[in-house]
Amino acid sequence: MTTQLTRAAGPVETEPVKTAAPPARTPRRTSPWTPWLYLLPALAVLGGLLVYPVYQLGLISFLEYTQAQVSGGEPTSFQGLGNYTALFTDPQFRQVLLATVLFAAACVVTTLAVGCSLAVLLTRVRALPRLLLMLAALGAWATPAVTGSTVWVFLFDPDFGPVNRLLGLGDFSWTYGRYSAFALVLLEVVWCSFPFVMVTVYAGIRAIPSEILEAAALDGASQWRIWRSVTAPVLRPVLVVVTIQSIIWDFKLFTQIYVMTNGGGIAGQNLVLNVYAYQKAFASSQYSLGSAIGVVMLLILLAVTLVYLRLLRRQGEEL
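Residues numbered from 1 in each chain as written. Predicted model: local features only at pLDDT ≥ 70, side-chain atom pairs only at ≥ 80, totals over all residues. Heavy atoms only, no water.

Visitor: Help me out: how do you make sense of the packing of aromatic side chains in this one?
Guide: What characterises a pair of aromatic rings is the spacing of the ring centres plus the angle enclosed by the ring planes. On inspection of all chains with the given rule, the structure shows 17 aromatic pairs. Plain terms: the ring middles of Phe103 and Phe182 are 5.1 Å apart, the flat faces sit at 40 degrees to each other, and that makes the pair tilted. Of the two residues, Phe103 is situated in helix 5 (residues 91-122) and Phe182 in helix 9 (residues 178-206); the sequence distance between them amounts to 79 residues. Ring geometry for Trp152 versus Trp191: centroids 6.1 Å apart, planes at 55 degrees, classification tilted. Of this pair, Trp152 sits in helix 7 (residues 145-155) while Trp191 sits in helix 9, placing them 39 residues apart in sequence. Clustering of aromatic rings is evident, with ring pairs tying together Tyr65, Phe254, Tyr258, Tyr278, Phe282 and Tyr287. One Lys or Arg, Arg178, reaches over the ring of Tyr179 and ends 5.9 Å from the middle of that ring. (Phe/Tyr/Trp six-rings, centres within 6.5 Å; stacked < 30°, edge-to-face > 60°. Helix = DSSP H or I, 4+ residues; strand = E, 2+ residues; numbered from the N terminus. Lys NZ or Arg CZ within 6 Å of the ring centre and 35° of its normal.)

Visitor: I tried to follow the side chain of Ser285 on my own but got confused; where do I start?
Guide: With respect to the helices and strands, Ser285 occurs in the loop between helix 14 (273-283) and helix 15 (287-318). Residue Ser285 is classed as buried on the basis of its relative accessible area of 19%. The residues touching Ser285, leaving out its near neighbours within four places in the chain, are Tyr65, Thr66, Gln67 and Lys280. (Buried < 20%, exposed > 50% of the residue type's maximum accessible area, 1.4 Å probe, protein only. Contact = heavy atoms within 4.5 Å.)

Visitor: Would you mind going over the packing of helix 5 against helix 12 (residues 236-251) with me for this structure?
Guide: Angle between the axes and distance between the axes are the two parameters that describe a pair of packed helices. Put simply, helix 5 and helix 12 touch, their axes get as near as 9 Å, and they point 140 degrees apart. Here helix 5 is positioned oblique relative to helix 12, judged by the angle of their axes. The chirality of how helix 5 crosses helix 12 is right-handed. Contacts between helix 5 and helix 12 involve Thr100, Val101, Ala104, Cys107, Val108, Leu112 and Cys116 from the first element and Leu239, Val242, Thr243, Ser246, Ile247, Asp250 and Phe251 from the second. In terms of residue class, the contact of helix 5 with helix 12 is made up of ten nonpolar, three polar and one charged. (Axes fitted to C-alpha atoms, helices over the stretch in contact; angles between N-to-C directions. Parallel < 35°, antiparallel > 145°, perpendicular 65-115°, else oblique. Left-handed = near helix turned anticlockwise from the far one by under 90°. Nonpolar A, V, L, I, M, F, W, Y, C, P; charged D, E, K, R; others polar.)

Visitor: Would you take a moment to explain unusual backbone geometry for this structure?
Guide: Leave glycine aside and you will find that most residues have negative phi; peptide bonds, for their part, are mostly trans. A positive phi angle is found at Asn262, which is not glycine, with a value near 60 degrees. Classification of Asn262 by relative accessible area gives exposed; the value is 72%. One non-glycine residue with positive phi stands out, namely Ser285, at about 60 degrees.

Visitor: Would you mind going over the nonpolar core with me for this structure?
Guide: Counting residues in each nonpolar core, the largest one holds 39 residues, and the members touching the most others are Phe93, Phe103, Val185, Ile257, Leu273 and Ile293. Of all the secondary structure elements, the ones that give two or more residues to this core are helix 4 (82-88), helix 5, helix 9, helix 12, helix 13 (255-260), helix 14 and helix 15. It is helix 15 that provides the largest number of residues to this core, a total of eight residues. Among all residues touching Ile293, those that are not within four sequence positions of it are Leu87, Phe93, Leu273, Tyr276, Ala277 and Lys280. Listed in part, the 20 residues of the second largest apolar core include Val108, Tyr202, Ile208 and Ala232. (Core = buried A, V, L, I, M, F, W, Y, C linked by side-chain atoms within 4.5 Å.)

Below, the structure written as structure tokens:
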């Protein structure tokens, strides 16, 4: 009887059984030293490969350290700022410093112009020419500096180089004159440096929404106006990165100048700071003066790096 009444009335709804919720887990407190423990191996490697050599460089720059002190014939004496005073009162050092700044500026400007122009060109050509240009640029980028410098010296050789024959220059020597030698080195530096700028700027252009560029084109803006008023402002963080890195690379140039001008040119007319420091330290055995030049370069590049980091931080705040 009871079963029949239940079936007639339909299924009886039962309340769900409430289960007790598991206790909430309290977050584990991490020690403030935990991140440093993870960074400790990298800091140890950087300390051995960077901090200690910089310390030794700065220490030697305050000492009288020549071949006599290296061989143990004379004791090492503390000179204070004497090496720096001798350095900044040397007319050749001031001339080399000015030449380094001007040459690095010319390399940076030319590299940015070539790299940005080719990056825009990559967005205008078809897939196959784009692939060939990218492969050629990456080949130039991957070529070692010594190999590339040797090839360029051969190309512009006054006796066997094909460039003089094509231009009808006869036996003109590019490395004899000061400015022609700097121009030759500049071409090689731009050749091996523009791929980085080209690839980076091209990636930045591809990240720009196409609607913005199409709207500018519909408004009647020329390609140059689109680049100057639309593309360049959007690419400002990318341009800041490639500019600062190009300054750092070109300011500490050594291999191209040393190989292509045979150690700094005739009577040192093509010296830059890195080659000048090498000559002072190893050719003249004035290790203290070479170290002082290295410290000056380190401070200049550190100032450029701080400006770079400040600009990056400002760009990050704006974004």
